Amino acid sequence: MNSIKKAHRGWVYSEAGDYHRYLDLGWSYAPTYLQKIKLTRKFIESLNPDYKILDIGCGEGVFVEEYVRQGRDIQGIDLNYESEFVRQGNILDLPFPDSHFDTIMLLDVFEHIAFKDQPKALTEIYRVLKPEGLFFTSIPNLAHFNSRVIFSIFGRLDRTDNELDHLGERPFKENRELLEAANFKLLNCVGVTLSVPYIYRRLICRHAKQLRFLHDLFEPIARAAPGWAMLDFFTCQK
C-alpha cells in the first residue's frame, strides 16, 4: 500500500475532495466531528483485535486506513468513493456473504437513505453480521434541542443539512424504533453536541475553531440525554 488509488469520486467528494481527511477546524460541524472520531476510536479499540470489521458509507475511509495500518481486519465500502482502502458498493445490496463480519459501523449514513429504503439497509446489515455481532451507528437526531425550540416558535425544524441531502432524517425515537424493528438489541446510546439555543448556531457554529471548548463543555449533558443531542451513537447487537 504505497499510494492511495484514485478512482470514483461522486456526490460531495467530486467537489470538496477528502474533506474529512483534511479537516477544516473552522467548519461549523468540526467540534461534532472531532467527538465522533473520539467515540469511534474508543469503540474500535475496545474490540477483539481479531474481529473482522466493515465500515459502510465510510467516505474517504479515514478509519479504515488508520486501522488497516495498525493491522486490523477492517474493510470500507461507499457508494460515492473508491480508493485503495475503499470499495465502491451499495448498502442496499452488500457484496458480502451472510454472517461475514464481527462488527459493522454505519457512521452518519442512515439519514442519507430514503425512508422506504431504511428497513432494507438494516436488513442487509443484519444479514452480513455474525450472530451476536456488534452494530455501531451514528445518526443525526431531527428532534435535537434547538430544533424543538425553533419548531415551537417558528414552526420549522433546525436540520443538520438540507432535506434533499438528509432525505431520511428522523427524530431519535424513530431511529431507535427502526433499529429494534430490525431485530437489533440496543446495548448503549449516547449523544453528541447539545444544540443549546442561540449559543450553538449563533456562536459555536460561526466560530467553531475558537469556541470548540464551549461545545465540549456541554458534552456530558449530550452524552446523558441522546434525545436532546444533535447526533446519536447506538451500539447494538444481532
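First, a word on scope: everything that follows refers to the structure included in this document. Here the structure is a predicted model, which is why all the values come from computation and not from measurement.

## Brief notes about the nonpolar core
Counting 27 residues, the largest nonpolar core has Ile-56, Ile-104, Leu-106, Leu-122, Ile-125, Phe-135 and Phe-184 as its most contacted members. Here this core gets 4 residues from one element, more than from any other, and that element is helix α4 (residues 118-128). Not counting residues up to four positions away in its chain, the partners in contact with Leu-106 are Ile-56, Ile-91, Ile-125, Phe-135, Phe-136, Thr-137 and Ser-138.

## Observations regarding the sheet that holds strand β1 (residues 52-56)
Consider a sheet: its strands pair through backbone hydrogen bonds, and that pairing is either parallel or antiparallel. Taken together, 7 strands build an open sheet; the order of strands is β3-β2-β1-β4-β5-β7-β6 and the sheet is mixed. Both outer strands of the open sheet, β3 (86-88) and β6 (185-194), are each paired with one neighbouring strand and no more. Averaged over neighbouring strand pairs, the angle between their axes works out to 20 degrees when direction is ignored. The sheet contact formed by strand β5 (residues 129-140) and strand β7 (residues 229-237) spans 7 bridges and is antiparallel. Each residue of the ladder has a partner; that of Leu-134, found in β7, is Gln-237.

## Quick look at the pattern of salt bridges
For the structure shown, the criterion picks out 13 salt bridges. Asp-108 is the salt-bridge partner of Lys-36, the closest N and O atoms lying 3.4 Å from each other. Placement of the pair is Lys-36 in helix α2 (residues 30-46) and Asp-108 in the loop between β4 (101-107) and α4, with a sequence separation of 72 residues. Exposure remark for Lys-36: the relative accessible area of 8% places this residue in the buried category. You can call Asp-108 partly exposed: its relative accessible area is 25%.

## A short note on the layout of surface pockets
Approximately 180 Å³ is the volume attributed to the second largest pocket. Considering the residues around the second largest pocket, the lining is formed by Leu-39, Lys-42, Phe-43, Ser-46, Phe-136, Asn-188, Val-190, Arg-223, Phe-233 and Thr-235. Elements supplying a minimum of two residues to the lining of the second largest pocket: α2, β6 and β7. Among the elements that line the lining of the second largest pocket, the one with the most residues is α2, at 4 residues. Here the residues of the lining of the second largest pocket are counted per class, giving 5 nonpolar, 3 polar and 2 charged.

## Quick look at the packing of aromatic side chains
By the definition in use, this model includes 9 aromatic pairs. With a centroid separation of 4.9 Å and an interplanar angle of 85 degrees, the aromatic rings of Phe-96 and Phe-101 are classed as edge-to-face. Neither Phe-96 nor Phe-101 differs from the other in exposure class; each is buried. Centroid distance Phe-172 to Phe-234: 5.8 Å. Interplanar angle 10 degrees. Geometry classified as stacked. Of this pair, Phe-172 sits in helix α6 (residues 172-181) while Phe-234 is found in strand β7, placing the two residues 62 residues apart along the sequence. The class of Phe-172 is buried, set by a relative accessible area of 12%. Put simply, the rings of Trp-27, Tyr-29 and Tyr-33 touch in pairs and so form one group of aromatic residues. When the ring centre of Trp-228 is taken as reference, the NZ or CZ atom of Arg-148 above it lies at 4.0 Å.

## Remarks on the pairing of β4
Summarising burial for β4: 7 of the 7 residues are buried, a large majority. Of the pairings in the sheet, the one linking β1 to β4 comprises 4 bridges and is parallel in character. Its bridge partner lying in β4, Ile-56 is registered against Leu-106. In the sheet, β4 pairs with β5 via 6 bridges, with the strands oriented parallel. Counterpart to Met-105 in the pairing with β5 is Phe-136. In the classification by handedness, the crossover that spans β4, the intervening α4 and the parallel β5 is right-handed.

The rules we used
Residues numbered from 1 in each chain as written. Predicted model: local features only at pLDDT ≥ 70, side-chain atom pairs only at ≥ 80, totals over all residues. Heavy atoms only, no water. Core = buried A, V, L, I, M, F, W, Y, C linked by side-chain atoms within 4.5 Å. Buried < 20%, exposed > 50% of the residue type's maximum accessible area, 1.4 Å probe, protein only. Helix = DSSP H or I, 4+ residues; strand = E, 2+ residues; numbered from the N terminus. Contact = heavy atoms within 4.5 Å. Pairing = 2+ DSSP bridges. Axes fitted to C-alpha atoms, helices over the stretch in contact; angles between N-to-C directions. Salt bridge = Lys/Arg side-chain N within 4 Å of Asp/Glu carboxyl O. 1 Å grid on protein atoms, 1.4 Å probe; cavity = no way out; pocket = protein on both sides within 12 Å on 5 of 7 lines; lining within 4 Å. Points joined across faces, edges and corners; volume = space filled by probe spheres on them. Nonpolar A, V, L, I, M, F, W, Y, C, P; charged D, E, K, R; others polar. Phe/Tyr/Trp six-rings, centres within 6.5 Å; stacked < 30°, edge-to-face > 60°. Lys NZ or Arg CZ within 6 Å of the ring centre and 35° of its normal. Right-handed = clockwise from strand over helix to strand, strands pointing away.

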